[in-house]
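Close look at the chain arrangement
Residue-level listing of the chains:
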Amino acid sequence: MLQSIRDNSQGIVAKVIVGLIVVTFALFGVESLVSLTAGSNAPASVNGEEITEQELYQATQIQRRQLLSQMGENANPALLDENVISGMVLESLIEQKALLISAQDKGLYVSDRMLDKMIIETPDFQIDGKFNSDQFQAVLRNAGLTPLMYRDLMRKERILAQEANAYQLSSFVVPAQLKQVVDLETQTRSGNYFTMPLDLEAAKVAVTDDEIKARYDQERSSLTTPEQVVIEYIVLDKQAMRDAITVTDEELQSEYQQRQASFAPQNERHVAHILVEISPDQDDEAALAKAESIKSQLDQGAAFDELAKAESDDIGSAQSGGDLGNVTTGMLSEPFDNAMLALKPGDVSEPVRTEFGYHIIKLISETESTMPSFEELKRSLEDDIVTRKVESEYVEGLEQLADTTYSAGDLAEPSEVMGLPIEVSEPFDRSGGADVFTSNTQVIEAAFADEQLNEGLNSTPIEIDQDRTMVLRVKDHFEPRELSLEEVSDQLRDQIAYDNASKALNEKADSKLAALNSGTSLSMAADDAQVNALESLSRSASSAPAEVVGKLFAMPHPDGAPTASKAVLADGSVAVIQLTAVTQSEAAENEDTLNAMGQYLASMKGQEAYKMVAKSVTDSAEIERK
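Residues numbered from 1 in each chain as written. Predicted model: local features only at pLDDT ≥ 70, side-chain atom pairs only at ≥ 80, totals over all residues. Heavy atoms only, no water.

1. Let's talk about the overall build of the protein chain
The helix and strand tally for the protein chain stands at 23 helices and 17 strands. In the protein chain, which comprises 626 residues, the share counted as buried stands at 42%. Taking contacts inside the protein chain between residues at least 6 apart in sequence as the whole, the part at least 24 apart equals 72%. Of the roughly 33200 Å² that the protein chain leaves accessible, carbon and sulfur atoms contribute 48%. The protein chain carries 51 positive and 107 negative side-chain charges, and their two centres are separated by 4 Å. (Helix = DSSP H or I, 4+ residues; strand = E, 2+ residues; numbered from the N terminus. Buried < 20%, exposed > 50% of the residue type's maximum accessible area, 1.4 Å probe, protein only. Contact = heavy atoms within 4.5 Å. Areas by Shrake-Rupley, 256 points an atom, 1.4 Å probe, with all protein chains shown as cover. Lys, Arg positive; Asp, Glu negative; His and termini not counted. Charge placed at Lys NZ, Arg CZ, Asp CG, Glu CD.)

2. Let's talk about a negative patch on the surface
On the surface, Glu 393, Glu 396, Glu 399 and Asp 403 cluster together into a negatively charged patch. Tracing the chain through its elements places Glu 399 in helix α16 (residues 374-407). (Patch = residues over 30% accessible without salt bridge, like charges linked within 9 Å, V, L, I, M, F, W, Y side chains within 5 Å. Salt bridge = Lys/Arg side-chain N within 4 Å of Asp/Glu carboxyl O.)

3. What about the sheet that holds strand β17 (residues 623-625)?
Taken in spatial order, the 3 strands of this open sheet run β2-β1-β17, and their pairing is antiparallel. A strand with exactly one partner marks an edge of an open sheet, and here the two such strands are β2 (49-51) and β17. Direction aside, the axes of adjacent strands within the sheet are offset by 20° on average. Here strand β1 (residues 44-46) runs beside β2; their pairing, made up of 3 bridges, is antiparallel. Bridging from a neighbouring strand, Val 46 pairs with Glu 49 of β2. (Pairing = 2+ DSSP bridges. Axes fitted to C-alpha atoms, helices over the stretch in contact; angles between N-to-C directions.)

4. What to know about the packing of helix α8 (residues 175-186) against helix α23 (residues 591-620)
Running from N to C, α8 and α23 cross one another at 105°; their axes reach a closest spacing of 10 Å. Classified by the interaxial angle, the pair formed by α8 and α23 is roughly perpendicular. Between α8 and α23, the residues in contact are Leu 178, Val 181, Val 182 and Glu 185 and Thr 593, Leu 594, Met 597, Gly 598 and Leu 601, respectively. (Parallel < 35°, antiparallel > 145°, perpendicular 65-115°, else oblique.)

5. Describing the packing of aromatic side chains
Applying the stated criterion to the full structure yields 7 aromatic pairs. Plain terms: the ring middles of Tyr 233 and Phe 437 are 5.2 Å apart, the flat faces sit at 45° to each other, and that makes the pair tilted. Residue Tyr 233 is found in strand β6 (residues 228-237), and its partner Phe 437 is found in the loop between β11 (423-424) and α18 (441-447); the two are separated by 204 residues along the sequence. For the residue pair Tyr 233 and Phe 437, the accessibility class agrees, reading buried in each case. Ring pairs connect the aromatic residues Phe 125, Phe 131, Phe 136 and Tyr 150, which therefore count as one cluster. Over the ring of Tyr 358 we find Arg 353; its NZ or CZ atom is 5.8 Å from the centre of that ring. Lying over the aromatic face of Phe 172, Lys 605 brings its terminal NZ or CZ to 5.9 Å of the ring centre. (Phe/Tyr/Trp six-rings, centres within 6.5 Å; stacked < 30°, edge-to-face > 60°. Lys NZ or Arg CZ within 6 Å of the ring centre and 35° of its normal.)

6. Considering helix α12 (residues 249-262)
With 14 residues, α12 extends 20 Å from end C-alpha to end C-alpha; this agrees with the ideal 20 Å at 1.5 Å per step. Within α12 the residues assigned to the buried category are Leu 252, Glu 255 and Tyr 256. Down the axis of α12, the buried set is contained in an arc of 100°. They therefore lie on one face. Across α12 from its buried face, at more than 90 degrees, point the exposed residues Glu 250 and Ala 261. Contacts from the buried residues of α12 go to α16. (Expected span 1.5 Å × (residues − 1). Arc of directions from axis to C-beta.)

7. Some points on α8
Counted at 1.5 Å a residue, the expected span for α8 with its 12 residues is 16 Å, and the 16 Å between its end C-alpha atoms agrees. Turning to α8, its buried residues are Leu 178, Val 182 and Asp 183. Along α8, the residues classed as buried sweep out an arc of 135° about the axis, all on the same side.

8. Quick look at the sheet that holds strand β8 (residues 323-327)
Strand order in the open sheet formed by 4 strands is β8-β7-β10-β9, with antiparallel pairing between adjacent strands. Each edge of the sheet is formed by a strand with only one pairing partner; in this case those strands are β8 and β9 (352-354). With direction set aside, neighbouring strand axes in the sheet form an average angle of 40°. Looking at chain direction, strand β7 (residues 267-277) and β8 are connected through 4 bridges and run antiparallel. The residue of β8 that forms the bridge with Ala 272 is Asp 323. In the packing of helix α13 (residues 284-299) onto the sheet, the strands contacted are β7, β9 and β10 (357-368), and the crossing angle to β10 comes to about 45°.

9. Some words on the nonpolar core
Ranked by internal contacts, the top residues of the largest apolar core, which has 49 residues, are Phe 125, Phe 131, Phe 136 and Tyr 150. When residues of this core are assigned to their parent elements, the largest contribution, 10 residues, is made by helix α4 (residues 82-105). Aside from chain neighbours lying at most four places away, what touches Phe 131 is Ile 119, Ile 120, Phe 125, Gln 126, Phe 136, Leu 324, Gly 325, Asn 326, Val 327 and Met 331. Within the second largest apolar cluster, 17 residues are counted, among which are Phe 428, Phe 448, Leu 453 and Leu 472. (Core = buried A, V, L, I, M, F, W, Y, C linked by side-chain atoms within 4.5 Å.)

10. Concerning the pattern of salt bridges
For the structure shown, the criterion picks out 33 salt bridges. Between Asp 183 and Lys 179 there is a salt bridge; the shortest N-O distance is 3.2 Å. With a gap of 4 residues between them, Asp 183 and Lys 179 both fall in helix α8, about one helical turn apart. A residue is classified by how much of its surface remains accessible, and Asp 183, at 18% relative accessible area, is buried. Here the residues in one salt-bridge network are Glu 201, Lys 204 and Lys 508, joined through shared partners.

Listed below in structure tokens is the structure:
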């Protein structure tokens, strides 16, 4: 579970924080991830409420991590353009801010009780089916959140979801339209087809030297080599610096002592409760009377867990005997905390009033965390010391890199001063090279910039990722040149052969279609080609090429005789297709199928309607971008 959170790809926190960023309208709660200090440098404001630089930075980094996670283990950070990501995230933040302001103006809200219930019932925060404080804290800590931040993030997400759900749940599809859609969606078609391969046809085509020369003259202006450069560069690598750092025993002991000095033991209390809810059907006075009755039964020896199962209005904990697991101060409401702190293990409180109703709290056990030993923390201590040293040296190195390369006429002196080897790239063009450096968009821009290309200057430092920064200069520059006829002769020969073969194939296909429409059988028209049967294909069938399936469902119904058509496949081959039967499913008469499709279509219509509302809200908001 915790690994999933670290990977930012699974789990409730990842879904709330990361998954919602990628979808429009859904950067819910980003402001809860950072301290909300408005500043004059805010990149944007919506209806007078600012989106801070911190919000934009944090959201951009989260989006960046999510994209890298989606790219897999071999993700190349150089493929991500930070400016593009930042721009997209800012627009999402603006839209989210506008929607949140609009929702709050409409009086939409989420109660504290609902939030607490959602948190306690979240599987990611449970162990063996019960809410666990350690698990809760660990998951949030790995996501960079505190419980209060997470509650705020969830509150905003749920507020926005209320309005979106209102549109989705209120949309509908009329019966006639629904039946038509189900009929079309569940329809199947049968037929046959054969393929005329382009490669085989191209192999038969003879291309003369005169044709190649004519094509060369026609396309000569576009037959050029790309502009290319070779760069030399030096790289400041944080990982290489890390490998060279040593940590002494004295430093480890000093770090441990600092940890000891700042360590604050934390009490964890295993608690259970019985909730008597205040509701329209049960006012405050009635709820208190019921809570006091329950407390009286407990005082007379009734089992707490049995009464919780029978009487508690907290459906999240009632079936487990009211067990809330381990909690710490600040996790629940203040009156609950105060009552809990006054109990000793085994004690049961008097009814306690919170915004949810009346609680009867039982303290099951109490534990106090202890400071881990030096040996237990040694690896962590060493890692922290090395990380601090590396960060400090890296920052100093960046300053030195910028200073030495700015004033130097080449990279020789900076290389010698900083002890960084000069690397040389393979030639690459404006589409980039094959390695992590020459495929980086910032490196490509710098390599082809006028200062480097024509003035021979060193570039400014370029951040490749959070661990590496480089400075480059152009070593060689290769201007585009016109390719000779000899260099492109084979390429043009193939191109002409395939063009002529494609034209010939389409003419043959038209001839075969005419024969089929005149009564010739498909097997006769296919000659030696293999005829493939298409039996009861659905629209999503993958047993035939997508072009064949698409054409099969676009052809008119056979009226007493098969209908025929052709389709050009992805590789240029041509398929000749014969439609023999169209079968209507009885799904449109099935109530369950109609209900499922109706809910799906209504949900899609609701989403489209909400998108229009969201666009209207954003368009009408007073937005300032800086």
